[in-house]
Amino acid sequence: MITLYDMPDSGNSYKVRLAAAHLGRPLRRVTMSSRDGSTRSPDFLAKNPIGKLPTLELEDGRFLGESNAIMLYLAEGSALVPADAYDRAKMYEWLFFEQYSHEPAIAVRRALFVYEERRHLATPERLAQLLEAGNRALAVMETRLAGHGWLAGDAFSLADISLYAYTHTAEEGGYDFGAFPGIRRWLDRVAARPGHIGLAD
Ligand SMILES: N[C@@H](CCC(=O)N[C@@H](CS)C(=O)NCC(=O)O)C(=O)O
């Protein structure tokens, strides 16, 4: 069976578990933590040189890092990857957006609130900068979701799974969905999909 090295409270790890649940792919989970130094151990760095979770171990012993790359590997040939070339490229566009413009603000601001050991990094300037950057990302999503059911093409795809992972916890980071009704409705639609699992599942 494929093994997922993951961190229970991490949206990046959750993405992979959510995609696997929708695909009906069982995963053996090895739970790790960024707090105990295990992601910097020589043993783990041999699996993934950047020392990050999630990391996937294939049945033949090869490894794969980066949450969106892992999802793409697991979902290849499935309905979670649009068959149409343009829709597929739009899905990739959202996956790159998620890593460059969304997660670095939304996930990081939430972490400053949720993790005790990060509180000292939560200066007013940093919080304001992350709020502005995160709201900009949420506004981009709202523009799409105000008039469409899903992010890429007309069907639920990896784009929705990837962006759901941290968007659904954004309020814990102080983001207000008041100006983003399309995102709210989309979050409900994603959570209502058959096969959906929560962050803590
Ligand atoms: N771009 C990576 C980011 C992975 C990442 O930052 N993982 C964090 C948890 S969310 C981590 O492994 N932290 C532990 C550490 O850096 O030691 C991905 O999408 O997988």
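Residues numbered from 1 in each chain as written. Predicted model: local features only at pLDDT ≥ 70, side-chain atom pairs only at ≥ 80, totals over all residues. Heavy atoms only, no water.

Draft legend 1. Spatial organisation of the site of the ligand. The ligand sits among 14 residues. The nearest are Thr 39, Leu 53, Glu 66, Ser 67 and Gln 99. Lys 52 is positioned with one of its side-chain polar atoms (N or O) 3.0 Å from an oxygen atom of the ligand. Within the side chain of Gln 99, one N or O atom sits 2.7 Å away from a nitrogen atom of the ligand. When the ligand is considered free in solution it has 510 Å² of accessible area, and contact with the protein chains removes 84% of it. If you map the ligand onto the pockets, it falls in the largest pocket. Of the residues that constitute the shell around the ligand, the class distribution is four nonpolar, seven polar and three charged. (Near = heavy atom within 4 Å. Polar contact = N/O pair within 3.5 Å; in protein donor to acceptor, adjacent residues only side chain to side chain. Areas by Shrake-Rupley, 256 points an atom, 1.4 Å probe, with all protein chains shown as cover. 1 Å grid on protein atoms, 1.4 Å probe; cavity = no way out; pocket = protein on both sides within 12 Å on 5 of 7 lines; lining within 4 Å. Sits in = over half its atoms within 2 Å of the grid points. Nonpolar A, V, L, I, M, F, W, Y, C, P; charged D, E, K, R; others polar.)

Draft legend 2. Quick peek at the UniProt feature "domain: GST C-terminal" (unreviewed entry) in the protein chain. With numbering matched to this structure, UniProt assigns "domain: GST C-terminal" (unreviewed entry) to residues 84–201. Along residues 84–201, the helical share is 62% and the strand share 0%, with 32 Å between the first and last C-alpha atoms. (UniProt positions renumbered as here; feature names shortened; annotations may be inferred. Helix = DSSP H or I, 4+ residues; strand = E, 2+ residues; numbered from the N terminus.)

Draft legend 3. Spotlight on the pairing of strand β1 (residues 3–6). Here β1 shows a buried face lined by Thr 3 and Tyr 5 and a second buried face lined by Leu 4 and Asp 6. Relative to strand β2 (residues 28–31), β1 is paired through four bridges, and the arrangement is parallel. Its bridge partner lying in β2, Tyr 5 is registered against Val 30. Here β1 runs beside strand β3 (residues 55–57); their pairing, made up of three bridges, is antiparallel. Each bridged residue has a counterpart across the sheet, and for Thr 3 the counterpart in β3 is Glu 57. (Buried < 20%, exposed > 50% of the residue type's maximum accessible area, 1.4 Å probe, protein only. Pairing = 2+ DSSP bridges.)

Draft legend 4. Spatial organisation of the domain arrangement of the protein chain. Under the domain assignment used here, the protein chain contains domain 1 (3–75) and domain 2 (85–191). Centre-to-centre, using C-alpha coordinates, domain 1 lies 21 Å away from domain 2. The interface of domain 1 with domain 2 comprises 16 residues on the first partner and 18 residues on the second. For the pairing of domain 1 and domain 2, the buried interface totals around 1400 Å² over both sides, and the portion due to carbon and sulfur atoms is 59%. Our count for the contact surface shared by domain 1 and domain 2 stands at three salt bridges. As a salt-bridge pair, Glu 98 and Lys 15 come within 2.9 Å of each other at their nearest N and O atoms. Remark: the boundary between domain 1 and domain 2 carries 10 residue pairs in polar contact (both at pLDDT 80 or more). Elements represented by at least two residues in the side of domain 1 that touches domain 2 include exactly α1 (11–23) and α3 (67–75). With seven residues, α1 is the single largest residue contributor to the side of domain 1 that touches domain 2. Residue composition of the side of domain 1 that touches domain 2, by class: six nonpolar, six polar and four charged. (Domains from an automatic or database assignment. Contact = heavy atoms within 4.5 Å. Buried area = accessible area lost by both parts, 1.4 Å probe. Salt bridge = Lys/Arg side-chain N within 4 Å of Asp/Glu carboxyl O.)

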